[in-house]
Amino acid sequence: MMFGPGAFGGGQTSVQQNAAAGLPYANVPGHLSDLVDDILASEPDHPTPMVEYSPAHYDRRPFGLRTFLRPHAGRLTIATLVVAVEAALLNVGPLLVRVGIDEGIGNRDTSILVRSALFYLGAVALAAIASLARISYTGRLGERLMYELRIRVFSHFQRQSLSFFTSEKAGVLMTRMTSDIEALTQLFQEGLVQFAVQGLTVVAITVFLFSLNSTLALITIGLAAPVTIASGLIFRKISAIGYGRVRNAIADVLSDLSESLAGIRIIAANNRRVQNLVHHRNVIGRHRDANLFATRAQAVFGSFSEAVSVAVQALLLLWGGRMVQRGELTVGELTAFLLFLNRFFAPIQTLIQLFNQYQSGSAAIEKLRHLLQFEPQVVEAPTATVLPPIDGAISFVDVRFGYDDDTEVLHGINLEVEPGEVLSIVGPTGAGKSTVAKLVTRFYDPTDGTISIDGTDLRDVTLHSLRSQLGVVPQEAFLFNGTIRDNVAFGRPDASDEDIWHACVAVGIDDIVEKLPGGLDAPIHERGSSLSAGERQLLALARAFLARPRVLILDEATSNLDLLSETKIERALDAVLEGRSAIIIAHRLATAMRADRIAVIDEGNVLEIGTHEELVALGGQYAEMHETWSSHVDVS
Ligand code: ADP
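Please read these numbers as outputs of a predicted model, since none were measured by experiment.

Caption draft 1: Representation of the overall build of the chain within the structure. Looking only at helices and strands, the chain features 23 helices and 12 strands. Viewed in the frame of its principal axes, the chain has a C-alpha envelope of about 120 × 75 × 55 Å. Expressed as a percentage of its 636 residues, the buried residues of the chain come to 43%. Across the chain, every contact between residues at least 6 apart in sequence was considered, and the portion connecting residues at least 24 apart equals 76%. Looking at the chain as shown, the accessible area adds up to about 34,100 Å², and 60% of this sits on carbon and sulfur atoms.

Here it is as structure tokens:
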């Protein structure tokens, strides 16, 4: 034990020292501290994992069971061998029963009887050991495969452009990450290996049956095989449909759930709880129906094939019994035959269940394949270079853009922002202001024209080097689960406490943080719903201040803030904007007026651009907005 009691502090552990000084350690009473030390010493090390992630280089082959499993062929073979040994050990039973009956009972030879029984016991004991090895090996293999798949799907999500997340429902993506991957667990853990082994068992038992008595074997196989195969083929078709429906239905249930939870305030405020309930009942009703369909298909097929197996046994008892009476077969052979027959149908039944599992799994694989073949819309060029530290000159030259091919949202935008200049964009809702901001951060690429920073086209630099020099403050500040500290340091996780505190002071949120229980360590729940809109905005500004980007893109909060918060935010903005270029989407004229220059955008075109005074003198749209605003201010 490396860090056992006594490893530190001259014979006393830190816990013991604290206890001696009357300081409880994590509220652990002193007499339990040794136990705590023991537990801590036996804790495994969890080193920071090495994560290989590149937006440009990744496995682009279509996702399929074969390509996914190929690198694990060795492990799958070992698992198959272990299962094969277990199956073989379990199947020697009927042979020993034949020997016991015919040679032990028939010849009244007790030693053979005892030996057969002992061998039987030995085989069962060995099978139990093999079973233990199998369960732990295949369990580990399954978990490993699931782990890899989860990482692959998650890193695929991380790689996608913004358009992917607006076109796919969050709930559907959650389903792919959870339920669809879960549907593969059984298949990965046991299913695939068992599939191979049960298939082998059927073949081996067929050989045994033929070696015991070929006439009886022919009758059995000739009767059972065609019926089972034909019904199996029909079942395959039906269950594929059923499981496809189940996967879609689960995705609907999860999307509806996540939307209901996220929108609970609006649902309650609009008195939509009852309709919401009715809607959810319909959604889960469809899920239940899809499951019932799949279950019914399995029930019909399962009981049909079981009935076939029993009918064949009854027939064999009659036929084989007559052969024994005629002296063509021994009692031992008939018994062994009947026992084998049971074992012949058992793997077939298992194969059917496995097939069911496989169908459910392949429905999930199909969905995952579809998801994994999405290519990110914004791709990093293979020749992309690292953007050197920038001064912050942004330029839009004839930029055209549409979210889809049919509708163009920006119709040839030309804009220049000098290093250190603050440009504010004003215009009616839907004019394309946020779209301009999204293009600067390269969430989307323009369909025509170029956007450059310090003269370099955004498409020629790596996404990481670009975004590390841009700061984005969205309209609705997004706070993550964690503490105030985690949230402020989100863009610079290595920041010292001093820097974090400095950022809070700079934007003027220090007094609020101080009042929270735990200060910087105060937890933030549910995206900061316990904080006011103004506080959330200030935290987002503190985050931007700490990250010290060269260029800031800010979408001003539209929520009505009280006057105090407003002045606070304005002061915070001054601190954050100092010495950097910025594009501010201004919803209030007061904010726009403070910028160096103002651009008026309407219907995807820049109508006017200039300083506040220039635009007022121009007498255009801005002057009109300003007049309306000032008359409103005068009246109030
Ligand atoms: P503003 O910020 O000026 O209010 P936006 O830039 O958000 O306007 O939107 C400009 C236009 O683009 C609007 O007509 C809007 O409906 C459309 N739009 C915005 N986001 C998307 C999107 N993700 N997919 C399709 N259309 C969008």
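Caption draft 2: Up close: the confidence of the model for the chain. The predicted model of the chain has a mean per-residue pLDDT of 82, with 90% of residues at 70 or higher. By mean pLDDT, the top-scoring element of the chain is strand E1 (residues 394-401) (93), and the lowest-scoring one is helix H1 (residues 14-20) (52).

Caption draft 3: View of the sheet that holds strand E2 (residues 410-417). Ordered in space as E2-E1-E4-E5, the four strands form an open sheet in which the pairing is antiparallel. Here the strands that pair on one side only, and so sit at the sheet edges, are E2 and strand E5 (456-457). Alignment of strand E4 (residues 448-453) against E5, held across two bridges, turns out to be antiparallel. In the sheet register, Ile453 faces E5, and the bridge partner there is Thr456. Across the sheet, helix H14 (residues 433-440) is in contact with E1, E2 and E4; its angle to E1 comes to roughly 115 degrees.

Caption draft 4: Seen up close, the sheet that holds strand E12 (residues 605-610). Overall, mixed pairing links the six strands, which are arranged E6-E9-E10-E3-E11-E12 in an open sheet. The sheet is open, and its two borders are formed by strand E6 (470-473) and E12, each paired with just one other strand. Neighbouring strand axes in the sheet, compared pairwise and without regard to direction, differ in orientation by 15 degrees on average. In this sheet, strand E9 (residues 551-555) lies alongside E6 in parallel orientation, the contact comprising four bridges. Counterpart to Val473 in the pairing with E9 is Leu554. In the packing of helix H19 (residues 533-547) onto the sheet, the strands contacted are E6 and E9, and the crossing angle to E6 comes to about 180 degrees.

Caption draft 5: Molecular detail of the environment of Tyr403. Residue placement: Tyr403 occurs in the loop between E1 and E2. When its relative accessible area of 35% is taken as the criterion, Tyr403 is described as partly exposed. Between the C-alpha atoms of Tyr403 and Pro446, which are 43 residues apart in sequence, the distance is 9.6 Å. Once residues within four sequence positions are removed from consideration, Tyr403 is found in contact with Val409, Thr435, Lys438 and Tyr444. For Tyr403, the side chain forms a polar contact with the side chain of Thr435, separated by 3.0 Å. Within the structure, Tyr403 has its side chain in polar contact with the side chain of Lys438 (distance 3.1 Å).

Caption draft 6: Broad picture of the site of the ligand. The environment of the ligand is formed by Tyr403, Val409, Pro428, Thr429, Gly430, Ala431, Gly432, Lys433, Ser434, Thr435 and Lys438. Contact distances for the ligand include 2.8 Å between an oxygen atom and a backbone N or O atom of Lys433. Measuring from an oxygen atom of the ligand, one finds a side-chain N or O atom of Thr435 at 2.4 Å. Its free accessible area being 560 Å², the ligand has 62% of it covered by the protein chains. For the shell around the ligand, the class distribution of residues is four nonpolar, five polar and two charged.

Caption draft 7: Spotlight on helix H2 (residues 33-42). If you check which residues of H2 are buried, you get Ser33, Val36 and Asp37. Within H2, the buried residues cover an arc of 100 degrees as seen down the axis, which keeps them to one side. Within H2, the exposed residues directed more than 90 degrees away from the buried face are Ile39 and Ser42.

Caption draft 8: Here's a closer look at the packing of helix H8 (residues 170-182) against helix H13 (residues 331-372). For the pair H8 and H13, the least separation of the axes is 10 Å and the interaxial angle reads 145 degrees. Note on packing geometry: the crossing formed by H8 with H13 is left-handed. Note on element contacts: H13 touches H8 through Ala364, Lys367, Leu368 and Leu371, opposite Leu173, Arg176, Asp180 and Ile181. A class-by-class count of the residues in the contact of H8 with H13 yields five nonpolar, no polar and three charged.

Caption draft 9: Molecular detail of the side chain of Thr138. Locating Thr138 in the fold gives a position in helix H6 (residues 110-159). The buried category is assigned to Thr138, whose relative accessible area is 2%. A polar contact of 2.7 Å, which involves the side chain of Thr138, links it to the backbone oxygen of Arg134. The residues contacting Thr138, other than those within four sequence positions of it, are Ala79, Gln189, Glu190 and Val193.

Caption draft 10: Structural view of the domain arrangement of the chain. We note that the domain assignment places domain 1 (2-42), domain 2 (57-372) and domain 3 (384-469 + 592-636) within the chain. For domain 2 versus domain 3, the separation of C-alpha centres amounts to 59 Å.

Caption draft 11: Inspection of the pairing of strand E11 (residues 597-602) at higher detail. Bridge analysis of strand E3 (residues 422-426) against E11 gives four bridges, and the strand direction is parallel. The residue of E11 that forms the bridge with Ser424 is Ile598. Inspection of the sheet shows E11 paired to E12 by five bridges, in the antiparallel sense. Bridge assignment links Val600 to a residue of E12, and that residue is Glu608. Connecting the antiparallel pair E11 and E12 is a turn made up of two residues, with Glu603 showing a positive phi of about 45 degrees.

Caption draft 12: Highlighting the pattern of salt bridges. Tallying each qualifying case throughout the model produces 16 salt bridges. Residue Arg98 is joined to Asp102 by a salt bridge in which the shortest nitrogen-to-oxygen separation is 3.8 Å. Of the two residues, Arg98 and Asp102 are both situated in helix H5 (residues 93-105); the distance of four residues between them amounts to about one turn of the helix. Ionic contacts of the salt-bridge type, sharing partners, join the residues Arg176, Asp180 and Arg247 into one network.

Caption draft 13: View of the packing of aromatic side chains. The tally for this structure, following the rule as stated, stands at 13 aromatic pairs. Ring centres of Phe195 and Tyr358 lie 6.3 Å apart, and the angle between their planes is 35 degrees; this geometry places the pair in the tilted category. Pair noted here: Phe195 is in helix H9 (residues 185-212) and Tyr358 is in helix H13, with a separation of 163 residues, a long-range link. Since its relative accessible area comes to 34%, Phe195 is described here as partly exposed. The class of Tyr358 is partly exposed, set by a relative accessible area of 30%. Seen from their ring centres, Phe401 and Tyr403 are 5.0 Å apart, and the 80 degrees between their planes marks the pair as edge-to-face.

Rules behind the numbers
- Residues numbered from 1 in each chain as written.
- Predicted model: local features only at pLDDT ≥ 70, side-chain atom pairs only at ≥ 80, totals over all residues.
- Heavy atoms only, no water.
- Helix = DSSP H or I, 4+ residues; strand = E, 2+ residues; numbered from the N terminus.
- Buried < 20%, exposed > 50% of the residue type's maximum accessible area, 1.4 Å probe, protein only.
- Contact = heavy atoms within 4.5 Å.
- Areas by Shrake-Rupley, 256 points an atom, 1.4 Å probe, with all protein chains shown as cover.
- pLDDT = per-residue confidence, 0-100.
- Pairing = 2+ DSSP bridges.
- Axes fitted to C-alpha atoms, helices over the stretch in contact; angles between N-to-C directions.
- Polar contact = N/O pair within 3.5 Å; in protein donor to acceptor, adjacent residues only side chain to side chain.
- Near = heavy atom within 4 Å.
- Nonpolar A, V, L, I, M, F, W, Y, C, P; charged D, E, K, R; others polar.
- Arc of directions from axis to C-beta.
- Left-handed = near helix turned anticlockwise from the far one by under 90°.
- Domains from an automatic or database assignment.
- Salt bridge = Lys/Arg side-chain N within 4 Å of Asp/Glu carboxyl O.
- Phe/Tyr/Trp six-rings, centres within 6.5 Å; stacked < 30°, edge-to-face > 60°.

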